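# Examination of the molecular architecture
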Amino acid sequence: MSEDGHKGDGDTADSALSGTVNEILKEIAAAQAREIKPDEILKGISSYLVDEPALAFPLIDVLGRVPTIQTALLFEEMMTVLPDKKAVKGIKRALYRFKQKGLEWERKTPQEQPILRSPHAGAPQGYVGAPDSTGSRALVIARPRPHGGARVYFSIVSDQDGILRLEGTDLSKKDLKVFIDESLSSEEFPVVEAPAGYCLHLLHEAAGLSQRLDKPIPLGYKDAEQGLRDVSWDGPVPLIYRHIHQESVKDNTRLLKESGGLHKIAPFSSWFLYPDAVRPYAEAIKEAEKSHIVLTPQQKDARLSSLYREALEGLFPEEQRLLWKRRLEEAAYILWKQGRKQEAGMAVSAALDLTTPFSPIDPNPFCWNLLLKSLYGLLETERGEREHEEKSSLIIPP
């Protein structure tokens, strides 16, 4: 805990890790109550362990205190997939303690494989891109094929218009990597791995929006639905709440205050409000700054402050606040995957603050700075255009 009474970076990360472990344990308990087989339970929780390998250790520690046959069988399954040797050793120690307590179970043994066997396709892979300021982003779901390569579904989705583009193609593993790293991902709008089920959930969300707006859905959508019919998502939405729990950041005033600085980094550095929506407020501010009415500096500041507040309320009604909330949450996951956990916490804090109207004293720092840079960015652009026109008018044709 920091001196100001707020959770520090390490506290926030530990709290998020602990919360995720508890969430996994609840999923395991629910699945065991339904007598779901251990290998199926492992499939359900594997995406957690892939996204955050460090979860394996606290999970093994807690499960190791539950000496049941179901836990032992789940441990046996986990040992076959965990790449970390230390994690596997932790499981073996837990199983040894189970044996000492007299627990017996049928141990998993490697099955003999026929010399000629059908190739096995791996689990589908997902990738998500950072949203831009219009709410558009890239989605990729790759379903590996038994004989190599993958069926790749590439889409551009928008929180304003639904599915903008959707294509299906076959790519080799190498070509898929090149496509992600060189064609899609950029410093400004990075693309990161995400559970395929979540990516498909986002695609379904976009399709639903297209339908509500009476916009055509690309023909490739049916192909994607068919090819990914066994892929599902029952985790948190947005995905960031698998890693950062709301309770760990929602009352952290320091994180919220610092969220205004997110505009210095991608993808937020390229986020702006729509110029047409901002223009009336920008014109009013320009007129107030150039007004010939004699005002004291305090009166002028009060007048400008009033205009800023008016712009903030006009540009961020509840519908728009919730739209920007979701964008912040989706961008937070990108930051988390990049290892920028502190910045991810700031984005989540700013997002959660948008569930309520702005404070008249301390409005949301992220949206306040988004407004200011949009206003002055537009004024600067228009000023540059006027200067260019004035210079052009001085040129005398030969």
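Residues numbered from 1 in each chain as written. Predicted model: local features only at pLDDT ≥ 70, side-chain atom pairs only at ≥ 80, totals over all residues. Heavy atoms only, no water.

## Brief notes about the packing of aromatic side chains
- Applying the stated criterion to the full structure yields 9 aromatic pairs.
- Relative to W233, the ring of Y198 lies with its centre 5.6 Å away and its plane at 70 degrees, an arrangement referred to as edge-to-face. Of the two residues, Y198 is situated in helix α7 (residues 196–212) and W233 in the loop between α8 (220–227) and α9 (253–258); the sequence distance between them amounts to 35 residues. Like Y198, the residue W233 is buried in the burial classification. (Phe/Tyr/Trp six-rings, centres within 6.5 Å; stacked < 30°, edge-to-face > 60°. Helix = DSSP H or I, 4+ residues; strand = E, 2+ residues; numbered from the N terminus. Buried < 20%, exposed > 50% of the residue type's maximum accessible area, 1.4 Å probe, protein only.)

## Observations concerning α8
- Those residues of α8 that sit buried are Y221, A224 and G227. For α8, the arc enclosing every buried residue in end-on projection is 135 degrees, short of the 170-degree limit, so these residues lie on one face.
- Residues of α8 that are buried sit in contact with β2 (136–144), β3 (150–158), β4 (162–171) and α7. (Arc of directions from axis to C-beta. Contact = heavy atoms within 4.5 Å.)

## Some words on the side chain of S349
- Among the structural elements, S349 can be located in helix α13 (residues 341–353).
- For S349, the residues in contact, after removing those within four places along its chain, are V249, N252, L255 and L256.

## Remarks on the pairing of β4
- Direction of pairing for β3 relative to β4: antiparallel, over a ladder of 9 bridges. Bridge assignment links F154 to a residue of β4, and that residue is E167.
- Linking β3 back to β4 in an antiparallel pair, the connection comprises 3 residues. (Pairing = 2+ DSSP bridges.)

## Considering the nonpolar core
- By size, the foremost hydrophobic cluster in this structure holds 70 residues, and its most contacted members are V128, F268, F316, L328 and F366.
- Setting aside residues up to four positions removed in sequence, L328 forms contacts with F268, W271, A347, A350, A351, L354 and F366.
- Within the second largest apolar cluster, 28 residues are counted, among which are A31, L55, A56 and I91. (Core = buried A, V, L, I, M, F, W, Y, C linked by side-chain atoms within 4.5 Å.)

## Examining the environment of Y281
- As for its position among the elements, Y281 is in helix α10 (residues 275–290).
- When the C-alpha atoms of Y281 and L307 are compared, they prove to be 7.3 Å apart, with 26 residues separating the residues in sequence.
- When residues no more than four places from it in sequence are discounted, the contact partners of Y281 are E310, A311, G314, L315 and L375.

## Section: the environment of D161
- Inspection of the secondary structure puts D161 in the loop between β3 and β4.
- Judged by its relative accessible area of 28%, D161 falls in the partly exposed class.
- Taking C-alpha positions, D161 is 9.7 Å from Q211, a pair spaced 50 residues apart along the chain.
- Of the polar contacts made by the side chain of D161, one reaches the side chain of K215; its length is 2.7 Å. (Polar contact = N/O pair within 3.5 Å; in protein donor to acceptor, adjacent residues only side chain to side chain.)

## Regarding the pattern of salt bridges
- A full pass over the atoms with the stated rule returns 20 salt bridges.
- Note that E40 is salt-bridged to K43, the shortest N-O span being 3.4 Å. Of this pair, E40 and K43 both sit in helix α2 (residues 38–51), 3 residues apart, roughly one helical turn.
- By relative accessible area, which is 57% here, K43 ends up exposed.
- Put simply, R137, E205, R326 and E330 are held in one network by salt bridges that share partners. (Salt bridge = Lys/Arg side-chain N within 4 Å of Asp/Glu carboxyl O.)

## Some remarks on helix α12 (residues 318–337)
- Here α12 contains 20 residues, and its C-alpha end-to-end distance of 29 Å stays within 8% of the 28 Å for a straight helix at 1.5 Å per residue.
- Of all the 20 residues making up α12, 14 are buried; the element is thus mostly covered by neighbouring parts of the structure.
- Just beyond α12, the residue with positive phi is G339, at close to 85 degrees. (Expected span 1.5 Å × (residues − 1).)

## A short note on the sheet that holds β2
- Strand order in this open sheet of 5 strands is β4-β3-β2-β1-β5, and the pairing throughout is antiparallel. Both outer strands of the open sheet, β4 and β5 (191–194), are each paired with one neighbouring strand and no more. In this sheet, neighbouring strand axes are inclined to one another by 20 degrees on average, regardless of whether the strands run parallel or antiparallel.
- One ladder, built from 4 bridges, connects strand β1 (residues 125–129) with β5; its direction is antiparallel. Residue pairing for β5: Y127 is matched across the bridge by E193.
- The strands touched by helix α6 (residues 173–184) are β1, β2, β3, β4 and β5; relative to β2, the strand with the most contacts, the crossing angle is about 170 degrees.
- Against the sheet, α12 touches β1, β2 and β5, its axis set at about 90 degrees to β5. (Axes fitted to C-alpha atoms, helices over the stretch in contact; angles between N-to-C directions.)

## Things to note about the confidence of the model for the protein chain
- Mean pLDDT for the protein chain: 88, with 89% of residues reaching 70 or above.
- Of the regions scoring below 50 in pLDDT, residues 1–7 engages in 16 contacts with residues more than four places distant in sequence or in other chains.
- Across residues 112–118, where pLDDT falls below 50, the model places 0 contacts with residues more than four positions away in sequence or in other chains. (pLDDT = per-residue confidence, 0-100.)

## So, a positive patch on the surface
- Residues K85, K86, K89, K92, R93, R97 and K101 make up a contiguous surface patch of positive charge.
- For K89, the location among the structural elements is in helix α5 (residues 85–100).
- The exposure class of K89 is exposed, given its relative accessible area of 54%. (Patch = residues over 30% accessible without salt bridge, like charges linked within 9 Å, V, L, I, M, F, W, Y side chains within 5 Å. Areas by Shrake-Rupley, 256 points an atom, 1.4 Å probe, with all protein chains shown as cover. Lys, Arg positive; Asp, Glu negative; His and termini not counted. Charge placed at Lys NZ, Arg CZ, Asp CG, Glu CD.)

## Points about the environment of G314
- Here G314 is to be found in helix α11 (residues 297–315).
- Here G314 falls in the partly exposed class, since its relative accessible area comes to 40%.
- With 37 residues separating them along the chain, G314 and A277 place their C-alpha atoms 9.2 Å apart.

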